[in-house]
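# A closer look at the structure
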Number of protein chains: 2
Amino acid sequence: MPAEELIEELEALGRAARASAARLAASSTAARNQALLLLAAALRQPQPTLAEANAADVAAAQARGLDAPLVDRLRLTPAILATLAQGCEQIAALPDPVGAMTNFQRRPSGIQVGQMRVPLGCFGMVFESRPNVSIEAASLAIKSGNACILRGGSEALASNQALIALVQQSLEQAGLPRAAVQLIPSTDRAAVGWLCRATEHIDLLIPRGGKSLIERVALEAKVPVLKHLDGNCHSYVDEFADLEMALKVVDNAKTQKVSPCNATESLLVHRTVAAAFLPRLAALWAPKKLVFRACLESLPFLPGAESATEADWAEEYLDYKISVKLVGDLDEAIAHINRYGSHHTDAILTQHHGHAMRFVREVDSASVMINASTRFADGFEYGLGAEIGISTDKLHARGPVGLEGLTTYKWVVLGEGQVRQ
Amino acid sequence: MPAEELIEELEALGRAARASAARLAASSTAARNQALLLLAAALRQPQPTLAEANAADVAAAQARGLDAPLVDRLRLTPAILATLAQGCEQIAALPDPVGAMTNFQRRPSGIQVGQMRVPLGCFGMVFESRPNVSIEAASLAIKSGNACILRGGSEALASNQALIALVQQSLEQAGLPRAAVQLIPSTDRAAVGWLCRATEHIDLLIPRGGKSLIERVALEAKVPVLKHLDGNCHSYVDEFADLEMALKVVDNAKTQKVSPCNATESLLVHRTVAAAFLPRLAALWAPKKLVFRACLESLPFLPGAESATEADWAEEYLDYKISVKLVGDLDEAIAHINRYGSHHTDAILTQHHGHAMRFVREVDSASVMINASTRFADGFEYGLGAEIGISTDKLHARGPVGLEGLTTYKWVVLGEGQVRQ
């Protein structure tokens, strides 16, 4: 499609989403929940069009010689569709994040001033490969009263179109505007550029995928972006740590799963407990074949460890690998984390209350933890009920972002004829 | 100064502010309040260096032939300094916006999850002419535990330097890092460009001044911006309005002061009350020489009115001028406001509860009001105690922004050795 024609089509799509956003925002909780339950029901039924579309995507990927695991990520099996349906039902069951009027106070002028929680309007989401994401994003949009414009990976275009057709049908059956959830029908990279600049149509853009996608969006975007960059998470074993507990927690933080962003990548240990702690950890992890990248001082306590370089302190391995550094005190630990960390999630292991409080206050990260595994940094573990993403930004939403992150507030003034003096 | 040297100097200044930010964030409420009270005391004492610097700025402005009102905006009279001192004292008396730990809940895993309010880190502010703003910004930074980097107008450079010297002296006397409040000593426009791109050093940039400054910053910025664009505010007189009340409120909303952004610029009137309302309003405003820009239908009710064009509906006059349009129902009023307004502040005059609730819910503005003057949209009137600006953005902070807008939160997890299953 010629560039100009594509932009024209995207502008029309943006206007339709924006127009639907107002109707969706004003809709009842019941209607939005009904759309979600209708969508869940549709996902549980046989859908020949969807099955065909998905088979075509899978066949095309195989023909292009994509690796088997990548092809598998495209497949919408009955089990995956059932999980998506269950997700819609769970989101329907959550409390409505919009509409609450709070914090009203009567001012000396006589007016009552408070706030109402409202949808953002319309959000955009750019994601890669897995078609599941289009249902996850659409269901969060519907629940939060936001329109959304989705742009999925090219390999899953047919599947995404079939899934979004089900979404639009459910919206219509619930009396809601079908244009509230839109899929960009083009796989042209220029469409991502358009999303980045669509300040008229989009209130928030959420890139979900690899680092290069997120960096490109962050660089180009004129619209606000919810971005999730690195998770270089630390666990710090303080001199006053309960070492039994530290062993259990650090083990979980690193090895319960090594690929998530909230897995610990760097271990700081107070010098005075290194001899008692590190050899036991090395023994615990020997069967798991953990690679230690250790500072000079910690090397003697870790048989077989490799020598760490400066680059290790900033590295997000997402692998069976961990950097280890001894520190002389709490100050040094905090300074190291604030310098080399990614402000994602960091934990202290200690029984010293003052140290714990200082760590919580002074470590500049989205999540700070005392005596707990960094793996807990997650929307579901935090009780958000749903997660649209994890933010490594400081403004608007920080850390795990749930439905509330897709809302904002407006000020509401209730008067009875008051005027300003 | 050569461009490269300037950037090097700004980078050093940014690093110093960033380093101080951590110390300021960890400082006690008492120390920050003490710095504010010391600053207030200094501003109330004769300060020969400041007086000389200000006299030099004023003389230079006069020599350049600046208009008298612009020269007057530079003057730091004893009365203005006393007002600034009082502002610092008032800010010291406000509750500390940082440190509160809230919303803790015990999760099924056993961890306690909650949030702690923390400073953003370091904000930048770009402002024009009046040197007062440097003290206002510095005092809000100190109270909220943020470092700040200020860039004032070139005409007030000497005055701003003398004022910030007092701020830094007060910080030092209170045991806080003096580098936490920085003034960019260059009037080179490249310094604004640097602030826009200083993602390493700055967490939020606040442009305060004319529309062209704000648009430039919004366009160039890679750092998040708190921006305040137009205030095209509406008052809508519904068919169920109390017309006596409407007359009083609309009069105040338009004429109590015409230059602020929260003054009403456009009046919508339900067709059925136009004949009863508009002639009385015209009579009330005849002595004030209001210019009406009226739609064809409302012209007959407004003797001497001019005919409105499409452009009037989007205009922010900031003058004794108002556009008037008749509408057929509430839907039309809401649609008009959402289409032509600037999402700043809009009010309905009505005694119909359902209409009021729909207006509040469906008008997509930072402030929505029932039976109150749009002039109330203000941080002090809303009870924020201080105002760093008004945001026309939707994310992070919306409408009047107080100290809380200079903070964010972190997630805090209190564990006792819990691990993820």
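Residues numbered from 1 in each chain as written. Chains lettered and ligands numbered in written order. Predicted model: local features only at pLDDT ≥ 70, side-chain atom pairs only at ≥ 80, totals over all residues. Heavy atoms only, no water.

Looking at an unreviewed UniProt entry, one finds chain A named Gamma-glutamyl phosphate reductase, with Inhella inkyongensis as its source organism.

### Focus: the pairing of strand β9 (residues 291-294) of chain A
Within a regular beta strand, the side chains point alternately toward one face of the sheet and then the other, so they alternate between its two faces. Residue and element names in this part refer to chain A. As judged from the four bridges shared by β9 and strand β11 (residues 321-327), these two strands associate in the parallel manner. Bridging from a neighbouring strand, R293 pairs with S323 of β11. Pairing analysis gives two bridges linking β9 to strand β10 (residues 306-307), with the strands arranged parallel. Among the inter-strand pairings, A294 is bridged to a residue of β10, identified as S307. (Pairing = 2+ DSSP bridges. Helix = DSSP H or I, 4+ residues; strand = E, 2+ residues; numbered from the N terminus.)

### Points about the interface of chain A and chain B
Across the contact, 66 residues belong to chain A and 64 residues belong to chain B. Its largest share of buried area at the contact with chain B, chain A owes to L395, W411 and R420 of chain A, together 16% of the area lost on that side. Linking chain A to chain B there are six salt bridges. In this structure, E381 of chain B and R420 of chain A form a salt bridge, with 3.1 Å as the shortest nitrogen-oxygen distance. Counting across the interface, chain A meets chain B through 47 residue pairs in polar contact (both at pLDDT 80 or more). It is strand β16 (residues 407-418) of chain A that contributes the most residues to the side of chain A that touches chain B, 11 residues altogether. Its residues assigned to classes, the side of chain A that touches chain B comprises 33 nonpolar, 18 polar and 15 charged. Sheet topology note: the strand β13 (residues 367-372) of chain A/strand β16 (residues 407-418) of chain B ladder contains five bridges and is parallel. Opposite S367 of chain A, over in β16 of chain B, you have W411 of chain B as the bridge partner. (Contact = heavy atoms within 4.5 Å. Buried area = accessible area lost by both parts, 1.4 Å probe. Salt bridge = Lys/Arg side-chain N within 4 Å of Asp/Glu carboxyl O. Polar contact = N/O pair within 3.5 Å; in protein donor to acceptor, adjacent residues only side chain to side chain. Nonpolar A, V, L, I, M, F, W, Y, C, P; charged D, E, K, R; others polar.)

### So, the UniProt feature "domain: Aldehyde dehydrogenase" (unreviewed entry) in chain A
According to UniProt, the feature "domain: Aldehyde dehydrogenase" (unreviewed entry) maps to residues 9-283 of chain A in the numbering used here. The distance separating the terminal C-alpha atoms of residues 9-283 of chain A is 61 Å; by composition the span is 52% helix and 16% strand. (UniProt positions renumbered as here; feature names shortened; annotations may be inferred.)

### Topic: empty space enclosed by the protein
Residue and element names in this part refer to chain B. Scanning the model with the defined rule gives one cavity of 30 Å³ or more in all. For the largest cavity, the calculated volume is near 40 Å³. Lining the largest cavity are H344, T345, A366, S367, A377, I390, S391, T392, G399 and P400. Those elements that provide at least two residues to the lining of the largest cavity are β14 (389-391) and β15 (399-401). Tallied by class, the residues present in the lining of the largest cavity amount to four nonpolar, six polar and no charged. (1 Å grid on protein atoms, 1.4 Å probe; cavity = no way out; pocket = protein on both sides within 12 Å on 5 of 7 lines; lining within 4 Å. Points joined across faces, edges and corners; volume = space filled by probe spheres on them.)

### Re the packing of aromatic side chains
If you walk through the whole model with that rule in mind, you get six aromatic pairs over all chains. Between the aromatic rings of Y409 of chain B and W411 of chain B, the centroid separation amounts to 6.1 Å while the plane-to-plane angle is 85°, which identifies the pairing as edge-to-face. Take W411 of chain B: its relative accessible area is 8%, and that puts it in the buried class. Here the aromatic cluster, defined as three or more aromatic residues joined through ring pairs, consists of Y382 of chain A together with Y409 and W411 of chain B. (Phe/Tyr/Trp six-rings, centres within 6.5 Å; stacked < 30°, edge-to-face > 60°. Buried < 20%, exposed > 50% of the residue type's maximum accessible area, 1.4 Å probe, protein only.)

### Here we look at the side chain of H344 of chain B
Residue and element names in this part refer to chain B. Following the sequence through the fold, H344 ends up in the loop between α12 (330-340) and β12 (345-349). A relative accessible area of 3% means that H344 is categorised as buried. Once residues within four sequence positions are removed from consideration, H344 is found in contact with H228, D230, G231, C233, C261, N262, S365, A366, S367, I390 and T392.

### Let's talk about the relation of the copies chain A and chain B
Between chain A and chain B, the superposition needs a rotation of 180° and an axial shift of 0.0 Å, giving an RMSD of 0.0 Å. Between the two chains, the operation in question is that of a two-fold axis. Of every C-alpha in chain A, the one belonging to H396 of chain A sits nearest the axis of rotation, 1.9 Å from it. Interface overlap between copies: 97% of the residues of chain A at the interface are likewise at the interface in chain B, consistent with a symmetric, same-surface contact. (Least-squares fit on C-alpha atoms with pLDDT ≥ 70 in both.)

### Let's talk about helix α3 (residues 48-63) of chain A
Residues and elements named next belong to chain A. For α3, built from 16 residues, the straight-helix expectation of 22 Å at 1.5 Å per residue is met to within 8% by its first-to-last C-alpha distance of 22 Å. Regarding α3, the residues found buried are L50, A53, N54, D57, V58 and A61. Along the long axis of α3, the arc covered by the buried residues comes to 135°, so they all point the same way. Across α3 from its buried face, at more than 90 degrees, point the exposed residues P48, T49, E52 and A63. Tucked into the core, α3 has its buried residues touching α4 (68-74), α5 (78-93) and α7 (157-173). (Expected span 1.5 Å × (residues − 1). Arc of directions from axis to C-beta.)

### A look at the side chain of S298 of chain A
Residue and element names in this part refer to chain A. Here S298 shows up in the loop between β9 and β10. The class for S298 is buried, based on a relative accessible area of 0%. Filtering out sequence-adjacent residues up to four positions away, S298 remains in contact with L278, V324 and L326.

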